[in-house]
Amino acid sequence: MAVEVKELLEAGVHFGHLTRKWDPNMAPYVYMERNGIHIINLYKTAAKIEEAGAALSKIASSGRKILFVATKKQAKDIVAEKAGAISMPYITERWPGGMLTNFVTIRKAVKKMASIDRMKKDGTFNTLSKKERLQVDRLRAKLEKNLGSISDMTRLPGALFVVDIKREHIAIKEAQKLNIPIFAMVDTNSDPRQVDYVIPSNDDASKSIDKILTHVTNAVAEGLAERKAEKDASDKDAPKAKKAKKAEKVKATAEEEE
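The paragraphs below set out a description of the structure included in this document. All figures in this text were calculated on a predicted structure; none of them were measured in a lab.

Turning to the overall build of the protein, a few remarks are in order. Looking only at helices and strands, the protein features seven helices and eight strands. Relative to a compact globule of 258 residues, whose C-alpha radius of gyration would be 18 Å, the protein shows 24 Å and is clearly more extended. Principal axes of the C-alpha set define a box for the protein whose edges measure 90 × 65 × 30 Å. Considering the protein as a whole, with its 258 residues, one finds that 43% of them fall into the buried category. Put simply, of all contacts in the protein between residues at least 6 apart along the chain, 64% involve residues at least 24 apart. Of the roughly 14900 Å² that the protein leaves accessible, carbon and sulfur atoms contribute 51%. Taking the 47 positively charged and 36 negatively charged side chains of the protein as two groups, their mean positions are separated by 7 Å.

Right, let's get into the pairing of strand E3 (residues 37-40). Examined bridge by bridge, strand E1 (residues 15-18) and E3 share two bridges and lie antiparallel to one another. The residue bridging Leu18 from the neighbouring strand is Ile37, located in E3. Both strand E2 (residues 30-34) and E3 contribute to a ladder of four bridges, which runs antiparallel. Bridge pairing links Arg34 to Ile37 in E3. Hairpin connection of E2 to E3: two residues between the antiparallel strands, including Asn35 at a positive phi of 50°.

Another aspect to go through is the pattern of salt bridges. Within this structure, the stated rule accounts for 12 salt bridges. One salt bridge in this structure joins Asp203 and Lys72, with 3.6 Å as the shortest N-O distance. Here Asp203, found in the loop between strand E8 (197-200) and helix H7 (206-257), pairs with Lys72, found in the loop between strand E4 (66-69) and helix H3 (73-85); they are 131 residues apart in sequence, far enough to count as distant. For Asp203, a relative accessible area of 1% puts it in the buried group. Given the relative accessible area of 5%, Lys72 is considered buried. Taking the shortest distance from any N to any O, the salt bridge between Asp191 and Arg193 comes out at 2.9 Å. Through salt bridges with shared partners, a single network forms among Lys72, Asp164, Asp203 and Asp204.

If you trace the five strands from one edge of the open sheet to the other, you get E5-E4-E6-E7-E8, paired in parallel fashion. Looking at the sheet topology across the chains shown, the edges are occupied by strand E5 (90-91) and E8. Relative to E8, strand E7 (residues 182-186) is paired through four bridges, and the arrangement is parallel. Bridging across to E8, Met185 finds its partner in Ile199.

Between helix H4 (residues 103-122) and helix H5 (residues 130-147), whose axes approach to 10 Å, the crossing angle comes to 135°. Taken together, the axes of H4 and H5 are oblique relative to one another. In this structure, the crossing between H4 and H5 has a hand that is left-handed. Contacts between H4 and H5 involve Ile106, Ala109, Val110, Lys112, Met113, Ile116, Asp117 and Lys120 from the former and Val136, Asp137, Leu139, Arg140, Leu143, Glu144 and Leu147 from the latter. Its residues placed into classes, the contact of H4 with H5 shows nine nonpolar, no polar and six charged.

This paragraph deals with the side chain of Asn189. On the secondary structure map, Asn189 appears in the loop between E7 and E8. For Asn189, a relative accessible area of 14% translates into the label buried. Within the local environment of Asn189, its side chain forms a polar contact with the side chain of Ser190, the two groups lying 3.2 Å apart. Once you skip the residues sitting within four places of it in the chain, Asn189 turns out to touch His17, Lys21, Trp22, Asp23 and Lys166.

Residue position: Asn146 is located in helix H5. The exposure class of Asn146 is partly exposed, given its relative accessible area of 23%. Along the sequence, Asn146 and Ile116 sit 30 residues apart, while their C-alpha atoms lie 16 Å from each other. Asn146 has contacts with Ile91 and Glu93, leaving out every residue within four places of it along the chain.

Basis of the calculations
- Residues numbered from 1 in each chain as written.
- Predicted model: local features only at pLDDT ≥ 70, side-chain atom pairs only at ≥ 80, totals over all residues.
- Heavy atoms only, no water.
- Helix = DSSP H or I, 4+ residues; strand = E, 2+ residues; numbered from the N terminus.
- Rg over C-alpha atoms; globule rule 2.2 N^0.38 Å.
- Buried < 20%, exposed > 50% of the residue type's maximum accessible area, 1.4 Å probe, protein only.
- Contact = heavy atoms within 4.5 Å.
- Areas by Shrake-Rupley, 256 points an atom, 1.4 Å probe, with all protein chains shown as cover.
- Lys, Arg positive; Asp, Glu negative; His and termini not counted.
- Charge placed at Lys NZ, Arg CZ, Asp CG, Glu CD.
- Pairing = 2+ DSSP bridges.
- Salt bridge = Lys/Arg side-chain N within 4 Å of Asp/Glu carboxyl O.
- Axes fitted to C-alpha atoms, helices over the stretch in contact; angles between N-to-C directions.
- Parallel < 35°, antiparallel > 145°, perpendicular 65-115°, else oblique.
- Left-handed = near helix turned anticlockwise from the far one by under 90°.
- Nonpolar A, V, L, I, M, F, W, Y, C, P; charged D, E, K, R; others polar.
- Polar contact = N/O pair within 3.5 Å; in protein donor to acceptor, adjacent residues only side chain to side chain.

In structure tokens:
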């Protein structure tokens, strides 16, 4: 789906930061300066959304997860809603240090959450004292708050999508260390060289974040639909292929006997 510059303009995607707070590496994406604020070139933004969307769609169709990261107030709910709708993992609370570089430990914490759930199902939880039950409940709530949204992420993600790379610098560093592709909304106060797929945009206004996330998650949904269609087609063809293989085997046996 083509990205319209007009809709980006209406969502305020073009508003950058104060000129004195800018990062000179964002110069190629700046259109002009108005009232001491940098204005982002929306034609470049539209092209970059399409480029990032195509790459994300490809990653999703390959079956890998895309981890969405946004802990700032304006973005949290939007990211949770959009990423949740396409069943992708997301972090909207504090970034757990070592989330990627020490993924094994993070997985253990997620498994701990699952084991508490099992305790509640099989009745073990009720054999604990009142104090112990309270401690377990608190631990479960804490784990759910920080890691609940990544409970289905059983391996490292195929990509990271970040809102505000300055704020999420720890996540960026971890992804760089592991060569995980980084997609991000990058405002005029940030260094775009840290990101593989830059979407120059206003990362402070909820309207702007919502607009970019809508395009991005739509692209991911397309990739997922493509993967499902391929899987359905392969499941449909499987019995035919099995039948043909069996017929070939019978033919080969008959020829040998002759």
